[in-house]
Structure formats: structure tokens, C-alpha cells
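So you can see what is in the structure, the chains are spelled out below.
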Amino acid sequence: MGTMSLEQVLAEVQMLSQAEQQQLRDILDRWLRHDRPEDCLEAVLADAGLLRARRPWEGDTAPPTAFTPVAVRGQPVSETLIEERR
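Residues numbered from 1 in each chain as written. Predicted model: local features only at pLDDT ≥ 70, side-chain atom pairs only at ≥ 80, totals over all residues. Heavy atoms only, no water.

**Q** I'd like a rundown of the pattern of salt bridges, residues and numbers included.
**A** In this structure the tally under the stated criterion is 1 salt bridge. Taking the shortest distance from any N to any O, the salt bridge between aspartate 29 and arginine 25 comes out at 3.9 Å. Taken as a pair, aspartate 29 and arginine 25 lie in helix α2 (residues 18–32) at a separation of 4 residues, close to a single helical turn. A relative accessible area of 40% means that aspartate 29 is categorised as partly exposed. (Salt bridge = Lys/Arg side-chain N within 4 Å of Asp/Glu carboxyl O. Helix = DSSP H or I, 4+ residues; strand = E, 2+ residues; numbered from the N terminus. Buried < 20%, exposed > 50% of the residue type's maximum accessible area, 1.4 Å probe, protein only.)

**Q** Quick rundown of the confidence of the model for the protein chain? Include the residues and the values.
**A** Predicted coordinates in areas of low pLDDT are best not read in detail. Here the protein chain averages 81 in pLDDT, and 79% of its residues register 70 or above. When the elements of the protein chain are averaged for pLDDT, helix α3 (residues 37–47) gives the smallest value, 76, and helix α1 (residues 6–14) the largest, 91. (pLDDT = per-residue confidence, 0-100.)

This is the structure we're talking about:
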């Protein structure tokens with residue numbers, strides 16, 4: 001088997017389907033990932049149930065739903081805290 005130049009490899013990759021290109025990207029990402037302990041910490045904590053797995057960031061996500069504050073009787077908490085500090 002002969003060697004292929006980078007240009008030949010890129011030309012072959014362009015002929016792949018979108019799904020195959022995504023598979024290739026996933027494999028390359030896995031190969032190039034650094035397996036330092038600090039890089040794995042988040043996965044270890046998620047596996048232990050101490051941290052929720054992070055969802056991938058998507059730039060076109062919808063804004064959060066409308067926030068409705070909870071009605072509380074009495075004075076505001078900030079005033080209570082100020083009084084207790086005195």
C-alpha cells in the first residue's frame with residue numbers, strides 16, 4: 001500500500017457523506033484528545049453522580065422561559081439581612 005498525501009486524504013474525505021464525515025471527526029477528536037486527569041475530572045464526577053453531564057453548547061438555543069417571581073409576605077429579605085447585621 002502506498003502513502004497518501006494530505007491533499008489526497010482531504011479529497012477522499014470530501015467525497016464522504018455528512019454522516020461519515022461526522023464519524024471521522026468524532027474519531028479524530030478522540031485521537032487528539034489529551035487524557036490528562038484534570039480533563040477527565042468532569043466525566044468522573046458525572047459518572048459518580050456528583051455532577052450533571054454538561055450538554056453541548058448550541059449557539060442558537062432559545063432564551064429561557066419567562067420567569068415569574070414567587071410572592072412572599074413580609075419585608076424583603078435584603079432588609080431582614082441588613083437588620084440582623086446591626
